[in-house]
Amino acid sequence: MGLEAWFMEENDEDKRLPHHRNPKEFVPLSNLAELGVLYWHLNPKDYENDEELRQIRESRGYNYMDLLDLCPERVENYEEKLRNFYREHIHADEEIRYCLEGSGYFDVRDKDDRWVRIWIKEGDMIILPAGIYHRFTLDTGNYVKLMRLFIGEPVWTAYNRPQEDHPSRKEYTSSLFGKKAGVALEAH
Ligand SMILES: CSCCC(=O)C(=O)O
Ligand SMILES: [Fe+2]
């Protein structure tokens, strides 16, 4: 069990297809952790009474919660939203998503700027750190229901790439590569 993630083959095929490389190149959870991506598997059937979810929310301060039922009937400007989700972007805050039904792909950039495709399914909860370049698409199942969590009043503002001067981006890259490297480069 666990989350599946892999290096993407970038081509013009439908973004909802898996885009595996040939041969497939899976990315272990430990590599995602190095990028600051956190993961839990929870029981989505009883999320209202889930003690594990309650503890995660409490320890990380996620007092805001809402549900995003990603289907044309329930979401205004559905096509436009999906297009925007798939534009490479960052946020000033963590992006916390818990999959209650369906599935989809979160793509994140690794240290070498390669796309890693993360397949989230029912019960998967992931946290993307502030400042990580990412995007989202449905898979060929065409449906997902997500819980969104946040600390305080939610801000979903997306800053499209490039954002190298954005404070959250700078903080993220220095957490990845170490502050010393950044200082050494600036001294030149
Ligand atoms: C459908 S939730 C994931 C899309 C995304 O990256 C965002 O909401 O910022
Ligand atoms: Fe996002």
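No experiment lies behind these values; they were computed from the predicted model shown.

Trainee: Before we go on, may I ask you to explain the overall build of the protein chain in this structure?
Mentor: A tally of regular secondary structure across the protein chain gives five helices and ten strands. For a compact globule of 188 residues, the expected C-alpha radius of gyration is about 16 Å, and the protein chain comes in at 17 Å, within 12% of that figure. Each principal axis of the C-alpha distribution contributes one length, and for the protein chain these read about 55 × 40 × 35 Å. Buried positions account for 43% of the 188 residues belonging to the protein chain. Partitioning the intrachain contacts of the protein chain with sequence separation of at least 6 by distance along the chain shows that 74% fall at a separation of at least 24. In the structure as shown, the protein chain presents an accessible area of about 10600 Å², 48% of it carried by carbon and sulfur atoms. Taken together, the 26 basic and 37 acidic charged side chains of the protein chain have centroids lying 2 Å from each other.

Trainee: Teacher, can you tell me more about the coordination of the iron ion (ligand 2) here?
Mentor: Coordination angles at a metal have ideal targets, namely 109.5 degrees for four tetrahedral donors and 90 or 180 degrees for six octahedral donors. Listed as protein donors to the iron ion (ligand 2) are His89 (NE2), His91 (NE2), Glu95 (OE) and His134 (NE2); their distances from the metal cover 2.0 to 2.2 Å. Geometry at the iron ion (ligand 2) is octahedral, judged from its six donor atoms and the angles of 75 to 171° they form at the metal. Spacing between the donor residues of the iron ion (ligand 2) along their common chain follows H-x1-H-x3-E-x38-H. Residue histidine 91 is found in the loop between strand E4 (89-90) and strand E5 (95-109), and its partner histidine 134 is found in strand E8 (residues 134-138); the two are separated by 43 residues along the sequence.

Trainee: Teacher, can you tell me more about the nonpolar core here?
Mentor: Across soluble globular proteins, you tend to see nonpolar side chains buried next to one another. Counting residues in each nonpolar core, the largest one holds 28 residues, and the members touching the most others are Leu32, Leu70, Val116, Ile118 and Ile120. Within the second largest apolar cluster, twelve residues are counted, among which are Tyr47, Ile96, Ile127 and Met147.

Trainee: Just to check I follow, could you spell out the site of ligand 1 for this structure?
Mentor: As a structural note, the neighbourhood of ligand 1 is formed by Leu68, Phe85, His89, His91, Glu95, Arg97, Phe106, His134, Phe136 and Leu146. One of the side-chain nitrogen or oxygen atoms of histidine 89 is found 3.1 Å away from an oxygen atom of ligand 1. Within the side chain of glutamate 95, one N or O atom sits 2.9 Å away from an oxygen atom of ligand 1. Going through the elements one at a time, E5 and E8 are the ones with two or more residues in the shell around ligand 1. For the shell around ligand 1, the element with the most residues is E5, which contributes three residues. In terms of residue class, the shell around ligand 1 is made up of five nonpolar, three polar and two charged.

Rules and cut-offs
- Along each chain, residue indices are assigned from 1 in the same order as the chain's sequence is written.
- Just so you know, chain letters begin at A and ligand numbers begin at 1, following the order they were written in.
- Two thresholds apply to this predicted model, a pLDDT of at least 70 for residue-level local features and 80 or more for giving and counting side-chain atom pairs, whereas whole-chain, interface and lining totals are computed over all residues.
- Side-chain figures throughout are based on the complete set of non-hydrogen atoms in the structure, without hydrogens or water.
- Helix and strand assignments follow DSSP, with helices taken as H or I runs no shorter than four residues and strands as E runs no shorter than two, numbered in order from the N terminus.
- Radius of gyration: C-alpha atoms only; globule rule: 2.2 Å multiplied by the number of residues to the exponent 0.38.
- Three exposure classes are used, based on accessible area relative to the maximum for each residue type with a 1.4 Å probe and protein chains only: buried under 20%, partly exposed in between, and exposed over 50%.
- In what follows, residue pairs with any heavy atoms lying within 4.5 Å of each other are defined as contacts.
- Only the protein chains shown count as covering a residue, and every accessible area follows the Shrake-Rupley method with a 1.4 Å probe.
- The charged-residue count follows a simple rule in which Lys and Arg add positive charge and Asp and Glu add negative charge, with His and chain termini not counted at all.
- The atom standing in for a charge is NZ when the residue is Lys, CZ when it is Arg, CG when it is Asp and CD when it is Glu.
- Keep in mind that water is not among the atoms, so a site may look incomplete; donors are the N, O and S atoms within 2.8 Å of the metal, or 3.2 Å for Na, K and Ca.
- Sites are called tetrahedral only when four donors show all angles between 85 and 135 degrees, square planar or octahedral only when four or six donors show opposite pairs over 155 degrees and all other angles between 65 and 115, and irregular in any remaining case.
- We call a set of buried Ala, Val, Leu, Ile, Met, Phe, Trp, Tyr and Cys residues a nonpolar core when their side-chain atoms join them within 4.5 Å.
- Near, as used in this document, describes a residue that has one of its heavy atoms within 4 Å of the molecule or strand being considered.
- As used in this structure description, the phrase polar contact means that two N or O atoms lie within 3.5 Å; if the pair is within protein, one of them must be able to donate a hydrogen and the other to accept it, and residues adjacent in sequence are counted only when both atoms belong to side chains.
- Under the convention adopted here, Pro, Cys and the residues Ala, Val, Leu, Ile, Met, Phe, Trp and Tyr are nonpolar, Asp, Glu, Lys and Arg are charged, and Gly plus all remaining residues are polar.

Shape descriptors only; they carry no functional weight alone.
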